Amino acid sequence: MPKILVTGGLGYIGSHTCVVLQQAGYEVVVVDNLVNSKPEVALQIEKITQQPLAVEVVNICDAQALKGFFEQHSDLDGIIHFAALKAVGESVAQPELYFNNNVGGILQLLEQSPKQLPIVFSSSCTVYGQSEVLPLQEDFPFQKAESPYGSTKQMCE
């Protein structure tokens, strides 16, 4: 059974992804620092899927902790990355926090993870700015970011 790491897997989108992955036959391991989530979400996922969910409380910005995680989980087949701060207003008030977490987090993930692992990155439509054309298309050009949050998502892209 393929084994997938879901960073931020106890958040809203991450938890729904975990359910779908488990129901599709994947083994899921979650890394979450619980900043925007609660440990009880893991129990809800297990209740829905009727399967155990491996959860490790790790901040992906912590190089040593992340390195240790990958040493313990050398059998991963892929990564889906949702671990990021996401509140536009908060990013304006605390831009350094957003840069350190969102950009620093993906840099550590890329640095510490085995190089052959495929990574799916959760982007944001904010990278396209306030487009007058809807629906947005992935081939639209980036626009100037309107918030520090948007800037971090563009940097990660």
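Above: the structure in question.
Residues numbered from 1 in each chain as written. Predicted model: local features only at pLDDT ≥ 70, side-chain atom pairs only at ≥ 80, totals over all residues. Heavy atoms only, no water.

Caption draft 1: Looking closely at the pairing of strand β4 (residues 78-81). The side-chain alternation of β4 yields two buried faces, one formed by G78 and I80 and the other by I79 and H81. Examined bridge by bridge, strand β1 (residues 3-7) and β4 share four bridges and lie parallel to one another. Bridge pairing links V6 to I80 in β4. Relative to strand β5 (residues 119-121), β4 is paired through three bridges, and the arrangement is parallel. Paired with I80 across the two strands is V120, which belongs to β5. (Buried < 20%, exposed > 50% of the residue type's maximum accessible area, 1.4 Å probe, protein only. Helix = DSSP H or I, 4+ residues; strand = E, 2+ residues; numbered from the N terminus. Pairing = 2+ DSSP bridges.)

Caption draft 2: Structural detail: the pattern of salt bridges. On inspection of all chains with the given rule, the structure shows one salt bridge. A salt bridge links D75 to K3; its shortest N-O distance comes to 2.9 Å. Separated by 72 residues along the polypeptide, D75 in the loop between α3 (63-72) and β4 and K3 in strand β1 bring together distant segments of the chain. Note on K3: relative accessible area 7%, which makes it buried. (Salt bridge = Lys/Arg side-chain N within 4 Å of Asp/Glu carboxyl O.)

Caption draft 3: How the structure looks around the sheet that holds β1. The strand order across the open sheet built from five strands is β3-β2-β1-β4-β5, with neighbouring strands paired in parallel fashion. The open sheet terminates on both sides in strands that have one partner only, identified here as β3 (54-57) and β5. Across the sheet, the mean angle separating the axes of adjacent strands is 20 degrees when strand polarity is ignored. (Axes fitted to C-alpha atoms, helices over the stretch in contact; angles between N-to-C directions.)

Caption draft 4: Layout of the environment of Q94. Relative to the assigned elements, Q94 resides in the loop between α4 (88-93) and α5 (95-112). Given a relative accessible area of 37%, Q94 falls into the partly exposed group. Linking Q94 and P148, residues 54 residues apart in sequence, is a C-alpha distance of 8.5 Å.

Caption draft 5: How the structure looks around the packing of helix α1 (residues 12-23) against helix α2 (residues 40-49). α2 packs onto α1 with a crossing angle of 30 degrees between their chain directions and a minimal axis gap of 10 Å. Viewed along their axes, α1 and α2 adopt a mutual orientation that is roughly parallel. α1 and α2 meet at a crossing whose hand is right-handed. Across the interface between the two elements, S15, C18, V19, Q22 and Q23 from α1 touch V41, I45, I48 and T49 from α2. (Parallel < 35°, antiparallel > 145°, perpendicular 65-115°, else oblique. Left-handed = near helix turned anticlockwise from the far one by under 90°. Contact = heavy atoms within 4.5 Å.)

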